[in-house]
Amino acid sequence: MRLALDEAGRAVRGGDVPVGAVVLSPDGTTVLAAGHNEREATGDPTAHAEVLALRRAAAALGEWRLTGCTLVVTLEPCTMCAGALVQSRVDRVVYGARDEKAGAAGSLWDVVRDRRLNHRPEVVEGVLADESARLLTDFFRTR
């Protein structure tokens, strides 16, 4: 999570909402890819930290299935990112702060654990939640 928090800091420097993500290999020790929000920098509405990290991890592995991998992200994924997690076959998502307004991994929705879908990753929430939330609170206070 500390690596994801570092990525979130990069988002702030780029003028974007501080969300960072990393994808860990199936052994849990190797970082395959990282990403942070780049919507402002790129003008791309899909440039969320999770989506960018998943794309980069797939490129690193040479395939779209990220079976066995873990995505670690500072903020609970939104519906788009939750869908991308399911579609990429990530085994686990670990997140910091809950997103009561747009979260789709347990708070507002629970897309990742919807029994109607063909894949349901394990969800671990609340890892360094206070630090993750503080980054977001500080960012929005200055706006």
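- You'll find the protein entered in an unreviewed UniProt entry as tRNA-specific adenosine deaminase, with Streptomyces sp. 900105755 given as the organism.
- Quoted verbatim from the Subunit (unreviewed entry) field of UniProt, the annotation for the protein is "Homodimer."

**Details of the overall build of the protein**
So, point 1. The helix and strand tally for the protein stands at five helices and five strands.
So, point 2. Going from N to C terminus, the protein has its helices and strands arranged as α-β-β-α-α-β-α-β-β-α.
So, point 3. The C-alpha atoms of the protein give 14 Å as radius of gyration, which agrees with the globular expectation for 143 residues (15 Å, within 12%).
So, point 4. Across its three principal directions, the C-alpha atoms of the protein cover 40 × 30 × 30 Å.
So, point 5. Relative to its full complement of 143 residues, the protein shows a buried share of 48%.
So, point 6. Within the protein, contacts between residues separated by at least 24 positions form 55% of all contacts whose residues are at least 6 apart in sequence.
So, point 7. Of the roughly 7,200 Å² of accessible surface on the protein, a fraction of 50% belongs to carbon and sulfur atoms.

**Observations concerning the side chain of threonine 70**
So, point 1. By the element assignment, threonine 70 lies in strand S3 (residues 70-75).
So, point 2. A polar atom in the side chain of threonine 70 sits 2.5 Å from the side chain of arginine 92.
So, point 3. For threonine 70, the residues in contact, after removing those within four places along its chain, are Val22, Val23, Leu24, Val90, Arg92 and Val94.

**With respect to the UniProt feature "active site" (unreviewed entry) in the protein**
So, point 1. In the numbering used here, UniProt assigns the "active site" (unreviewed entry) feature to Glu50.
So, point 2. Within the secondary structure layout, glutamate 50 lies in helix H3 (residues 49-61).
So, point 3. Judged by its relative accessible area of 3%, glutamate 50 is buried.
So, point 4. Glutamate 50 has contacts with Val19, Ala21, Leu71, Val73, Leu75, Pro77, Cys78 and Cys81, leaving out every residue within four places of it along the chain.

**What about the state of the cysteines?**
So, point 1. Using the criterion set out here, one finds zero disulfides in the structure.
So, point 2. The cysteine cysteine 81 is free of any disulfide, with cysteine 78 supplying the nearest cysteine sulfur at 3.7 Å.

**Some points on the pattern of salt bridges**
So, point 1. For the structure on display, the rule yields eight salt bridges.
So, point 2. Across the salt bridge formed by glutamate 100 and arginine 98, the nearest N and O atoms sit 3.0 Å from each other.
So, point 3. When its relative accessible area of 36% is taken as the criterion, arginine 98 is described as partly exposed.
So, point 4. In this structure, the salt-bridge partner of arginine 113 is aspartate 110, at a minimum N-O distance of 3.0 Å.
So, point 5. The exposure class assigned to arginine 113 is partly exposed, which follows from its relative accessible area of 34%.

**Quick word on the environment of alanine 47**
So, point 1. Tracing the sequence through the fold places alanine 47 in the loop between helix H2 (39-42) and H3.
So, point 2. You can call alanine 47 buried: its relative accessible area is 1%.
So, point 3. Among residues more than four places away in sequence, those in contact with alanine 47 are His36, Asn37, Glu38, Arg39, Thr42 and Leu52.

**Observations regarding the side chain of glutamate 7**
So, point 1. Looking at the secondary structure, you find glutamate 7 in helix H1 (residues 2-13).
So, point 2. On the accessibility criterion, glutamate 7 (11% relative accessible area) is buried.

The rules behind these values
- Residues numbered from 1 in each chain as written.
- Predicted model: local features only at pLDDT ≥ 70, side-chain atom pairs only at ≥ 80, totals over all residues.
- Heavy atoms only, no water.
- UniProt positions renumbered as here; feature names shortened; annotations may be inferred.
- Helix = DSSP H or I, 4+ residues; strand = E, 2+ residues; numbered from the N terminus.
- Rg over C-alpha atoms; globule rule 2.2 N^0.38 Å.
- Buried < 20%, exposed > 50% of the residue type's maximum accessible area, 1.4 Å probe, protein only.
- Contact = heavy atoms within 4.5 Å.
- Areas by Shrake-Rupley, 256 points an atom, 1.4 Å probe, with all protein chains shown as cover.
- Polar contact = N/O pair within 3.5 Å; in protein donor to acceptor, adjacent residues only side chain to side chain.
- Disulfide = S-S within 2.5 Å.
- Salt bridge = Lys/Arg side-chain N within 4 Å of Asp/Glu carboxyl O.

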